[in-house]
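# An overview of the molecular structure
Chain by chain, the residues:
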Amino acid sequence: MDPAAFPVTHPLTLERCNDFQEETGFTASAPFLKLGSVRQKSGKVVLAWAFEGDCDPAKLVSNTCEVEWPPRSKKRIVIPEVDRGAWFSPTDAAIFIRE
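Quantities reported herein were computed from a predicted structural model and do not represent experimental measurements.

Conventions adopted
Residues numbered from 1 in each chain as written. Predicted model: local features only at pLDDT ≥ 70, side-chain atom pairs only at ≥ 80, totals over all residues. Heavy atoms only, no water. Helix = DSSP H or I, 4+ residues; strand = E, 2+ residues; numbered from the N terminus. Buried < 20%, exposed > 50% of the residue type's maximum accessible area, 1.4 Å probe, protein only. Contact = heavy atoms within 4.5 Å. Patch = residues over 30% accessible without salt bridge, like charges linked within 9 Å, V, L, I, M, F, W, Y side chains within 5 Å. Areas by Shrake-Rupley, 256 points an atom, 1.4 Å probe, with all protein chains shown as cover. Salt bridge = Lys/Arg side-chain N within 4 Å of Asp/Glu carboxyl O. Phe/Tyr/Trp six-rings, centres within 6.5 Å; stacked < 30°, edge-to-face > 60°. Pairing = 2+ DSSP bridges.

## Section: the overall build of the protein chain
When helices and strands are tallied, the protein chain shows 2 helices and 5 strands. Overall, the protein chain shows an N-to-C arrangement of helices and strands of β-α-β-β-β-β-α. Within the protein chain, buried positions represent 13% of all 99 residues. If you take every contact in the protein chain between residues at least 6 apart in sequence, the share linking residues at least 24 apart comes to 40%.

## Concerning a nonpolar patch on the surface
Where nonpolar side chains cluster on the molecular surface, the patch consists of Phe88, Ile95 and Phe96 and spans about 320 Å² of accessible area. Looking at the secondary structure, you find Ile95 in helix α2 (residues 90–96).

## Let's talk about the environment of Leu35
Within the secondary structure, Leu35 is located in strand β2 (residues 32–39). Measuring from C-alpha to C-alpha, the distance between Leu35 and Ala48 comes to 5.2 Å, with 13 residues separating the pair along the chain.

## Focus: the packing of aromatic side chains
Here the structure, examined in full by the defined rule, presents 5 aromatic pairs. Between the aromatic rings of Trp49 and Phe51, the centroid separation amounts to 5.9 Å while the plane-to-plane angle is 35 degrees, which identifies the pairing as tilted. Taken together through their ring pairs, the aromatic side chains of Phe20, Phe32, Trp49 and Phe51 make up a single cluster.

## Some points on the pairing of β2
Of the pairings in the sheet, the one linking β2 to strand β3 (residues 45–50) comprises 6 bridges and is antiparallel in character. Note that in β3 the partner of Leu33 across the bridge is Ala50. If you look at the hairpin formed by β2 and β3, you'll find 5 residues sitting between the two strands, and Gly43 has a positive phi there, around 100 degrees.

Structure follows, in structure tokens:
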């Protein structure tokens, strides 16, 4: 097996596929290719992977989540978990994912 690919039955892969579908409305399908990881400015480590598919950013539909806004106000608002989608070159993606 290609060491850069996740087995489709791997629990992490299944969980991430479910997350991807909930957050975008698109279905991810194998084979999956590990792209590596990056540490964001906040310190969070993001693991990236890819799959071949037809995901039109204009058709992105996200689930929602509840957050406190403004911070420390005790007021709660509901927002989309993903506010937009776009395609980026690998160079541009490396810049944006660090934010």
